[in-house]
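In case you want the letters, here they are:
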Amino acid sequence: MDNNTPATAESPTTQERVDALISQIRTGEVGTDAIQILSNGINHDEDVKNAETEGYLRGRNEKIAATTGVTEEDAEVKPATFPRYHRRSVWDR
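Residues numbered from 1 in each chain as written. Predicted model: local features only at pLDDT ≥ 70, side-chain atom pairs only at ≥ 80, totals over all residues. Heavy atoms only, no water.

Trainee: Lay out the overall build of the protein with the relevant residues and their values.
Mentor: Counting secondary structure elements, the protein contains two helices and zero strands. Classification of the 93 residues of the protein by burial places 3% in the buried group. (Helix = DSSP H or I, 4+ residues; strand = E, 2+ residues; numbered from the N terminus. Buried < 20%, exposed > 50% of the residue type's maximum accessible area, 1.4 Å probe, protein only.)

So this is what it looks like as structure tokens:
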């Protein structure tokens, strides 16, 4: 066992999970758990990148809210009413 955490009956180690996955693939009895594990592995890099971007944007929004004093609840988008000013022609003067 390479990792320093003790293995318990409730939580199998990473090595035990990998061994179980490999044995399922060798025997041809690939279950939904194995497919889910492989799918998560394939999508891992993209998921990490998306989470990193989301965290960056959340932090940036919090910084803007802290400097301006405007929260997301305060910054409700209200529909614009057109025209915003009384329109006059140059000929109406």
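Continuing now.
Trainee: Summarise helix α2 (residues 32-68); cite the residues concerned and give the values.
Mentor: Approximately 55 degrees is the largest bend angle found in α2, and it occurs at His44. A positive backbone phi angle near 80 degrees is found at Gly69, which sits one or two residues after α2. (Bend = angle between axes of the 7 residues up to and from the residue.)

Trainee: I'd like to hear about the pattern of salt bridges, residue by residue, with values.
Mentor: In the structure shown here, the tally under the stated rule is one salt bridge. The shortest N-O distance in the salt bridge between Glu54 and Arg58 comes to 2.9 Å. Of the two residues, Glu54 and Arg58 are both situated in helix α2; the distance of four residues between them amounts to about one turn of the helix. In this structure Glu54 comes out as partly exposed when scored by relative accessible area, which is 47%. You can call Arg58 partly exposed: its relative accessible area is 47%. (Salt bridge = Lys/Arg side-chain N within 4 Å of Asp/Glu carboxyl O.)

Trainee: How would you sum up a nonpolar patch on the surface? Please name residues and give values.
Mentor: Among the surface-exposed residues, Ile25, Val30, Ile35 and Leu38 lie close enough to one another that they form a single nonpolar patch of about 340 Å² accessible area. Along the chain, Ile35 turns up in helix α2. (Patch = residues over 30% accessible without salt bridge, like charges linked within 9 Å, V, L, I, M, F, W, Y side chains within 5 Å. Areas by Shrake-Rupley, 256 points an atom, 1.4 Å probe, with all protein chains shown as cover.)

Trainee: Before we move on, can you summarise helix α1 (residues 14-27) with the specific residues and values?
Mentor: Taking 1.5 Å of rise per residue, 14 residues should cover 20 Å, and α1 covers 20 Å from first to last C-alpha, within 8% of that figure. After α1 finishes, the residue Gly28 shows a positive phi value of roughly 80 degrees. (Expected span 1.5 Å × (residues − 1).)

Trainee: Go over the environment of Asn61 with me, naming the residues and quoting the values.
Mentor: Following the sequence through the fold, Asn61 ends up in helix α2. The exposure class assigned to Asn61 is partly exposed, which follows from its relative accessible area of 45%. When the C-alpha atoms of Asn61 and Thr71 are compared, they prove to be 9.2 Å apart, with ten residues separating the residues in sequence.

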